[in-house]
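A look at the structure
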Amino acid sequence: MKQKHIVGLILARKGSKRLKNKNLKKINGKSLSEITIRFAKKLKFLRNVVLSTDDKGILNLSKKNNILSPGLRPAKLSKENSSSEDAAFHLLKWYEKQFGKVDGILLLQTTTPFRDILKFKRAFKLFSSTNKTIVGVSQIGKSPSIYYLNEKKIKNYKETNNSFYQIDGSLYLISRKVFFKEKTFVPKKFIKSINYKIKYSIDIDYEKDLKLARLLSNENI
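To keep things clear, this report deals only with the structure shown in the data block. (Residues numbered from 1 in each chain as written. Predicted model: local features only at pLDDT ≥ 70, side-chain atom pairs only at ≥ 80, totals over all residues. Heavy atoms only, no water.)

1. Points about the environment of D205
Worth spelling out the cut-off: Helix numbers and strand numbers start at the N terminus; a helix is a DSSP run of H or I with at least 4 residues, a strand a run of E with at least 2. Each polar contact in these results corresponds to two N or O atoms within 3.5 Å; when the atoms are within protein, one needs to be able to donate a hydrogen and the other to accept it, and residues that are neighboring in sequence are counted only if both atoms are side-chain atoms.
Inspection of the secondary structure assignment puts D205 in the loop between β9 (191-195) and α7 (207-216). With 185 residues separating them in the primary sequence, D205 and K20 have C-alpha atoms 9.6 Å apart. Polar side-chain contacts of D205 include one of 3.0 Å to the side chain of K22.

2. Some details on the pairing of strand β5 (residues 104-109)
Formally: Accessible area is worked out with a 1.4 Å probe on protein chains only. A residue is then buried under 20% of its type maximum, exposed over 50%, and partly exposed in between. By this definition, two strands are paired if DSSP reports at least two bridges between them.
The buried fraction of β5 amounts to six of the six residues, a majority that puts the element mostly inside the structure. Along β5, one buried face is formed by G104, L106 and L108 and the opposite face, lined by I105, L107 and Q109, is buried too. Note that strand β1 (residues 6-12) and β5 share six bridges and pair parallel. For V7, the partnering residue across the bridge sits in β5 and is I105.

3. Notes on the pattern of salt bridges
Pairing is possible between side chains that carry opposite charge, provided their charged atoms lie close to one another. Counted only if it meets this: One speaks of a salt bridge when a side-chain nitrogen belonging to Lys or Arg is within 4 Å of a carboxyl oxygen belonging to Asp or Glu.
One pass over the structure, following the stated rule, counts six salt bridges. Here D205 and K22 are joined by a salt bridge, their closest N and O atoms 3.0 Å apart. Here the residue D205 occupies a position in the loop between β9 and α7, and K22 occupies one in the loop between β1 and β2 (26-27), the gap between them amounting to 183 residues. Here D205 and K22 have matching classes, each one buried. The salt bridge involving R176 is made with E96; its shortest N-O contact spans 2.7 Å. Within this pair, whereas R176 is found in helix α6 (residues 176-182), its partner E96 is found in helix α3 (residues 84-99), the two being separated by 80 residues in sequence. Linked by salt bridges that have partners in common, R18, K22 and D205 make up one network.

4. Notes on a nonpolar patch on the surface
Basically, it comes down to this: Like charges are joined within 9 Å and nonpolar side chains (Val, Leu, Ile, Met, Phe, Trp, Tyr) within 5 Å, but only among residues with over 30% relative accessible area and no salt bridge; these make up the patches. Here the open area of atoms and residues is found with the Shrake-Rupley method and a 1.4 Å probe, where only the protein chains shown may cover a residue.
Together, I198, L212 and L215 make up a nonpolar patch on the protein surface, roughly 300 Å² of accessible area in all. By secondary structure assignment, the location of I198 is in the loop between β9 and α7.

This is the structure:
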């Protein structure tokens, strides 16, 4: 059976209000961008890895590591309210003009630096056989009533057998067809890839997240 054409996307915008220049923050001497690039290169099921950024330093980093990029991201896609989906669409359109239509998309967020490679390999195997979207989640408890106070937050939580899961940003693997149809990395239907260890579910958005990540960087938790 012909292997699917899956491309890895790395989106690394320069601006960030909550944690300035977060994509260049370091853990064990390596920036979040470099950590993500190095991990992406280990995934043999990816046809290519392609990066979108408006930061010259991150763009140079991608070149040093032979990561594809269309150049600096347009300013209109680099604003505080610009969505990851819009940047991804721009990147995919450029990529497909160069390398042909893709079958699947793996989004690798720089802000989730700890990743279990076996989990990604299992996700690829499942995606290859089912073509279903796979999203990384972590369990948040049995009855988190606080999350029901804000209807907008409900969309980020799914209930299964009285357990609740939060989408943690660790893994998004989706078919091109579904992504272009629903215009999101979290479609209506998806398979959960559950993270049971704290470090794999960390999503760095604030200084406190970065401090926790540095503390857990050498811990098997």
